[in-house]
Amino acid sequence: MNKILSLFLVAFTITINPIFAQQYSENTAEEILNFTTRAKTINLDNTNGSPFENEEFVLGSILSENNILISNIYLRYNAYQDEFQIKQNPNAGDDKIQAIKKSTEFYVKMGDEIFTYKLPQDGMGGYYNILVEGNKVDLLKKISKKFVEGQKSVTMMTGNHPNRLIDESSYVVAKDDKIIEVTGSKNKILEAIAGDQKNELKKYTKSENLNVKKEDEMIKAVNYYNENL
């Protein structure tokens, strides 16, 4: 059984097992303390946009490859600061918010998505949403927020432009302990995925008329590479 299948089976257990169907966390404070730290502070006055992928806290858990480590917690992702915030009780005040420690030793499940943490390297790293896990490469998606500084108006006729946060996303493939950016031309994307087998993968994408710059079609290409090349 591969790693991602094992992870999703563990996650499915959370969904169907009535033990995990109660509203609030049954984990002890000591158990949760092992996985949490102080949440970062955010000062984004006079800035349009939210630092969070979703302002609302949603049900989640912390997983190993084969076990549920912490269940029934409430999470939201601070995409600006690359941090998962956690509450044990969704109705708790902001003073009860903590952050999950960044570690390559466990996974974060938020809603239906599973995230892995990669150590920084070559300007990449942090939390990634697992899109594909295979016997050759994993395909991971980075969700982030870019800060764009505002500008003062140069005339009385136009208003000032405030600071703003804009959504961004990017992709990498993970091979062993290395992560490789998936960007640029279609040929560069295929090379990032398949290396010296990019021509064989290119034949498949042409035969299926795939545009590997689109996420769903990139996923198909990665799955084909893992299973057939």
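Structure's up top.
Criteria and cut-off values
Residues numbered from 1 in each chain as written. Predicted model: local features only at pLDDT ≥ 70, side-chain atom pairs only at ≥ 80, totals over all residues. Heavy atoms only, no water. Buried < 20%, exposed > 50% of the residue type's maximum accessible area, 1.4 Å probe, protein only. Helix = DSSP H or I, 4+ residues; strand = E, 2+ residues; numbered from the N terminus. Contact = heavy atoms within 4.5 Å. Core = buried A, V, L, I, M, F, W, Y, C linked by side-chain atoms within 4.5 Å.

(A) Layout of helix α3 (residues 186-194). Buried residues of α3: Ile189, Leu190, Ala192, Ile193 and Ala194, and no others. Packing partners of the buried residues in α3 comprise β11 (163-175), β12 (178-182), α4 (198-207) and α5 (215-228). One or two steps after α3, the chain reaches Gly195, where phi turns positive at roughly 60°.

(B) Main features of unusual backbone geometry. In the Ramachandran plot, Asp122 falls in the positive-phi region, its phi being about 50° despite a non-glycine side chain. Checked against the element boundaries, Asp122 lands in the loop between β8 (113-121) and β9 (124-133). The phi angle at Asp176 is positive, at roughly 55°, despite the residue not being glycine. Mapped onto the elements of the fold, Asp176 is located in the loop between β11 and β12. In this structure Asp176 comes out as exposed when scored by relative accessible area, which is 75%.

(C) Main features of the environment of Ala39. When you line up the elements, Ala39 lands in the loop between β1 (36-38) and β2 (47-48). For the pair Ala39 and Lys96, spaced 57 residues apart in sequence, the C-alpha to C-alpha distance is 9.7 Å. Contacts of Ala39, omitting those with residues within four sequence positions, involve Glu83, Gln85, Ile97, Gln98 and Ala99.

(D) Inspection of the nonpolar core at higher detail. Leu139, Val182, Ile193 and Leu201 are the most contacted members of the largest nonpolar core, which has 20 residues in total. Those elements giving two or more residues to this core turn out to be β11, α3, α4 and α5. Counting 18 residues, the second-largest nonpolar core is a separate cluster that includes Ile32, Phe35, Ile70 and Phe106.

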